[in-house]
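So you can see what is in the structure, the chains are spelled out below.
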Amino acid sequence: MNPAWLSRTLVWAGTLLFIYWALINPNHEGAAYAVGLMIGAGTFVYGGPRPHLVPLMVVFVVLIGALELVAPVYLKNQQASPGGFFTGYLTGLIAPYIAHRLRK
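Note that this is a predicted model, so its numbers are computed, not measured. (Residues numbered from 1 in each chain as written. Predicted model: local features only at pLDDT ≥ 70, side-chain atom pairs only at ≥ 80, totals over all residues. Heavy atoms only, no water.)

Student: Residue-level account of the nonpolar core, with values.
Tutor: General note: in soluble globular proteins, nonpolar side chains tend to be found buried as a group. The biggest cluster of nonpolar side chains holds six residues, and these are Ala32, Ile39, Val61, Phe85, Tyr89 and Leu93. Where this core is concerned, the elements lending two or more residues are helix H2 (28-41) and helix H4 (83-103). A per-element tally of this core places H4 first, with three residues. Beyond its immediate chain neighbours, meaning those up to four positions away, Ile39 contacts Met57, Phe60, Val61, Ile64, Phe85 and Tyr89. Ranked by size, the runner-up nonpolar core spans five residues in total, among them Leu6, Leu10, Leu37 and Ala99. (Core = buried A, V, L, I, M, F, W, Y, C linked by side-chain atoms within 4.5 Å. Buried < 20%, exposed > 50% of the residue type's maximum accessible area, 1.4 Å probe, protein only. Helix = DSSP H or I, 4+ residues; strand = E, 2+ residues; numbered from the N terminus. Contact = heavy atoms within 4.5 Å.)

Below is the structure:
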């Protein structure tokens, strides 16, 4: 499987899932998963022999990850958990990388 195609597909899937979970059927965990999936899939660019890191995506991961970790402290009335974002991020990050490694 082509890792660049898989990465682009995961970004589009995350976009569609975010639209669904943010507008059609509101779910905070699902929306966080979709954002993590989009950012995770866009962290590396698979076009050559080695994947190239996109520094802006690393900044997004650090900022959103810190927000996800700190938000449950400030939102005492709501049930907040960083699990959705980090699960989506790892899914978007690992799936294209595994496809890249298996292609070698």
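Student: Can you lay out H2 for me, pointing to particular residues and giving the numbers?
Tutor: Here H2 contains 14 residues, and its C-alpha end-to-end distance of 20 Å stays within 8% of the 20 Å for a straight helix at 1.5 Å per residue. Those residues of H2 that are buried are in contact with helix H1 (3-24), strand E1 (44-45), helix H3 (55-74) and H4. In this structure Asn27 caps H2, since a side-chain oxygen of it lies 3.2 Å from the backbone nitrogen of Glu29. (Expected span 1.5 Å × (residues − 1). Polar contact = N/O pair within 3.5 Å; in protein donor to acceptor, adjacent residues only side chain to side chain.)

Student: Account for the packing of aromatic side chains, naming residues and giving values.
Tutor: Two descriptors summarise a pair of aromatic rings, namely the distance from one centre to the other and the angle between the planes of the rings. Scanning the entire structure with this criterion turns up five aromatic pairs. Geometrically, the ring pair formed by Tyr20 and Trp21 is tilted, given 6.3 Å between the ring centres and 55° between the ring planes. By relative accessible area, which is 36% here, Tyr20 ends up partly exposed. Ring centres 5.3 Å apart and planes at 70° place the aromatic pair Phe85 and Phe86 in the edge-to-face group. (Phe/Tyr/Trp six-rings, centres within 6.5 Å; stacked < 30°, edge-to-face > 60°.)

Student: Help me get a handle on the packing of H2 against H4, residues and values and all.
Tutor: Viewed as axis vectors pointing N to C, H2 and H4 meet at an angle of 30°, and their least axial separation amounts to 6 Å. With respect to each other, H2 and H4 are oriented roughly parallel. As H2 runs across H4, the sense of the crossing is right-handed. Where H2 approaches H4, its residues Glu29, Ala32, Tyr33, Val35, Gly36, Leu37, Ile39, Gly40 and Ala41 are matched on the opposing element by Gly83, Gly84, Phe85, Thr87, Gly88, Tyr89, Thr91, Gly92 and Leu93. Residue composition of the contact of H2 with H4, by class: nine nonpolar, eight polar and one charged. (Axes fitted to C-alpha atoms, helices over the stretch in contact; angles between N-to-C directions. Parallel < 35°, antiparallel > 145°, perpendicular 65-115°, else oblique. Left-handed = near helix turned anticlockwise from the far one by under 90°. Nonpolar A, V, L, I, M, F, W, Y, C, P; charged D, E, K, R; others polar.)

Student: Mind laying out the packing of H1 against H4, listing which residues take part and the relevant values?
Tutor: The geometry of H1 relative to H4 is characterised by a closest axis approach of 8 Å and an angle of 165° between their N-to-C directions. Viewed along their axes, H1 and H4 adopt a mutual orientation that is roughly antiparallel. As H1 runs across H4, the sense of the crossing is right-handed. Of the residues in H4, those touching H1 at Pro3, Leu6, Ser7 and Leu10 are Thr91, Gly92, Ala95, Pro96, Ala99, His100 and Arg103. Tallied by class, the residues present in the contact of H1 with H4 amount to six nonpolar, four polar and one charged.

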